[in-house]
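# Reading the structure
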Amino acid sequence: MRFFFRSRQFKIILGITVILIAVSVAFAVIGGRMSPQSDIVGTVTAPFRSLAEKISSSVNDFVGAYTNGEKLALENADLQSEIAELREKLADYEKVSSENKFYKDYLEIKDNNPNFKFAPATLISRDKEDPYMGFVINKGTVNGISANDPVITDAGLVGYIGEAGLTTSKVTTILSAELTAGALDNRTNDSGILSGTIELAKDGKTKFYNLSRSCNIAVGDYVVTSGEGIFPAGLLIGTIQSIGSDKYNTSIYADVKPFVDLSTVKGVMVITDFEGQGGMLENNQ
């Protein structure tokens, strides 16, 4: 408001107001000294008095509106500040809530697998050129992570560490053709091999193949790791979506939809150590 009183507009309004007050006072004095019979001056000056009153009222309205406007602007600024503060608190709450769920799931998996050692990590970038949806996490060798370490979430298998740097690592996903793992139908115990193809990766699926023609797998069955290769046994992989036979009609294969939605992954757990890990690596080489 103090800036308005210093402005050129205010000075003009003040000048007009002073003139109007002076004219009103003059008319009042003149009118007071004239006899009741001398109405001509009152008649002549009436329009001017009316105009003066209207201008004075308009000036008062303008000043009031300006004052109220400035007050509203200040109140709006305060409200915007409060909204920004509330949004920041909400973001912090959502972050803490997400972290709490993450570590709760982590503890549940650890309770079920006491021989596992974990390194929780967060996705920091995605490889847009990778058709298999590989990504980079914020943990590396300084955190005990090594190449070939399994990567999971509470939903199931994500993939493995393809490259381990000092403070970051590249994850090769379950959709990749580079990944090869022993797998089982959790219901029938029929075994096969899990690996991706670029065609299936487009649909977010991977392939469970080299199954015996006498196997009893069915659509909807769960597929888990068998413990052969770089992964411990029993990690959830996904569900069987469709079943077919190879072109030579000697074995069965199935398309599998992973439990983990790779497009929404944010936090993962790297299994840095588990019972038999060294032996599995040697057998896989």
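Structure's up top.
Below is a summary of the structure that appears in this document. Everything quoted here is computed from the prediction, not taken from an experiment.

Attention now goes to the overall build of the chain. A tally of regular secondary structure across the chain gives five helices and twelve strands. Looking at the 285 residues of the chain, the share that counts as buried comes to 33%. Relative to all contacts within the chain whose residues are 6 or more apart in sequence, the contacts with residues 24 or more apart total 57%. Accessible surface, the chain: about 17200 Å² in total, of which carbon and sulfur atoms supply 54%.

On the basis of which strands lie adjacent, the closed barrel formed by six strands has the order E6-E7-E8-E11-E10-E9 and antiparallel pairing. Averaged over all neighbouring strand pairs, the angle between strand axes comes to 40°, with direction disregarded. Here strand E9 (residues 222-225) pairs with strand E10 (residues 236-245) via three bridges, running antiparallel. Looking across to E10, one finds that Val223 is bridged to Gly238.

Turning our eyes to something else, we now look at the sheet that holds strand E5 (residues 169-173). Strand pairing in a sheet takes place through backbone hydrogen bonds and is either antiparallel or parallel in direction. Read once around its circumference, the closed barrel built from six strands follows the order E1-E2-E5-E4-E3-E12, with strand pairing classed as antiparallel. Mean inter-strand twist for the sheet, computed between neighbouring axes without regard to direction, equals 45°. Direction of pairing for strand E3 (residues 150-153) relative to strand E12 (residues 267-273): antiparallel, over a ladder of two bridges. Across the sheet, residue Val151 finds its bridge partner in E12, namely Val270.

What follows concerns the nonpolar core. Phe135, Ile137, Val158, Phe208, Phe231, Ile237 and Val268 are the most contacted members of the largest nonpolar core, which totals 44 residues. With residues up to four places along the chain from it excluded, the contact list for Ile237 reads Leu157, Ile174, Ala183, Leu194, Val223, Val224, Thr225, Val256, Lys257, Pro258 and Phe259.

Structurally, the position occupied by Ser176 is in the loop between E5 and strand E6 (180-185). Residue classification places Ser176 among the buried residues on the basis of a relative accessible area of 3%. Aside from chain neighbours lying at most four places away, what touches Ser176 is Tyr132, Ser195 and Gly196.

Okay, the pairing of strand E8 (residues 206-211) next. Pairing between strand E7 (residues 191-195) and E8: three bridges, direction antiparallel. For Leu194, the partnering residue across the bridge sits in E8 and is Phe208. Note that E8 and strand E11 (residues 252-258) share four bridges and pair antiparallel. The residue of E11 that forms the bridge with Thr206 is Val256.

Throughout the structure, instances matching the rule amount to three aromatic pairs. Here Phe116 and Phe118 contribute two aromatic rings whose centre-to-centre distance is 5.9 Å and whose plane-to-plane angle is 70°, an arrangement assigned as edge-to-face. Phe118 sits in the buried class, given a relative accessible area of 11%. Ring plane angle 65° and centroid distance 6.1 Å describe the contact between Phe116 and Phe274, whose orientation is recorded as edge-to-face. In this pair, Phe116 is assigned in the loop between helix H3 (40-112) and strand E1 (117-126) and Phe274 in the loop between E12 and helix H5 (277-284), connecting sequence segments 158 residues apart.

So, about the pattern of salt bridges. Taken as a whole and assessed by the stated rule, the structure comprises two salt bridges. Measuring nitrogen to oxygen at the nearest pair gives 3.5 Å for the salt bridge that ties Lys170 to Asp127. Placement of the pair is Lys170 in strand E5 and Asp127 in the loop between E1 and strand E2 (135-137), with a sequence separation of 43 residues. Residue Arg187 pairs with Asp221 through a salt bridge whose shortest N-O separation is 2.9 Å. Of this pair, Arg187 sits in the loop between E6 and E7 while Asp221 sits in the loop between E8 and E9; the two residues are 34 residues apart in sequence, bridging distant segments of the chain. Taking relative accessible area as the criterion, Arg187 reaches 54% and is therefore assigned exposed. Note on Asp221: relative accessible area 8%, which makes it buried.

Conventions we followed
- Residues numbered from 1 in each chain as written.
- Predicted model: local features only at pLDDT ≥ 70, side-chain atom pairs only at ≥ 80, totals over all residues.
- Heavy atoms only, no water.
- Helix = DSSP H or I, 4+ residues; strand = E, 2+ residues; numbered from the N terminus.
- Buried < 20%, exposed > 50% of the residue type's maximum accessible area, 1.4 Å probe, protein only.
- Contact = heavy atoms within 4.5 Å.
- Areas by Shrake-Rupley, 256 points an atom, 1.4 Å probe, with all protein chains shown as cover.
- Pairing = 2+ DSSP bridges.
- Axes fitted to C-alpha atoms, helices over the stretch in contact; angles between N-to-C directions.
- Core = buried A, V, L, I, M, F, W, Y, C linked by side-chain atoms within 4.5 Å.
- Phe/Tyr/Trp six-rings, centres within 6.5 Å; stacked < 30°, edge-to-face > 60°.
- Salt bridge = Lys/Arg side-chain N within 4 Å of Asp/Glu carboxyl O.

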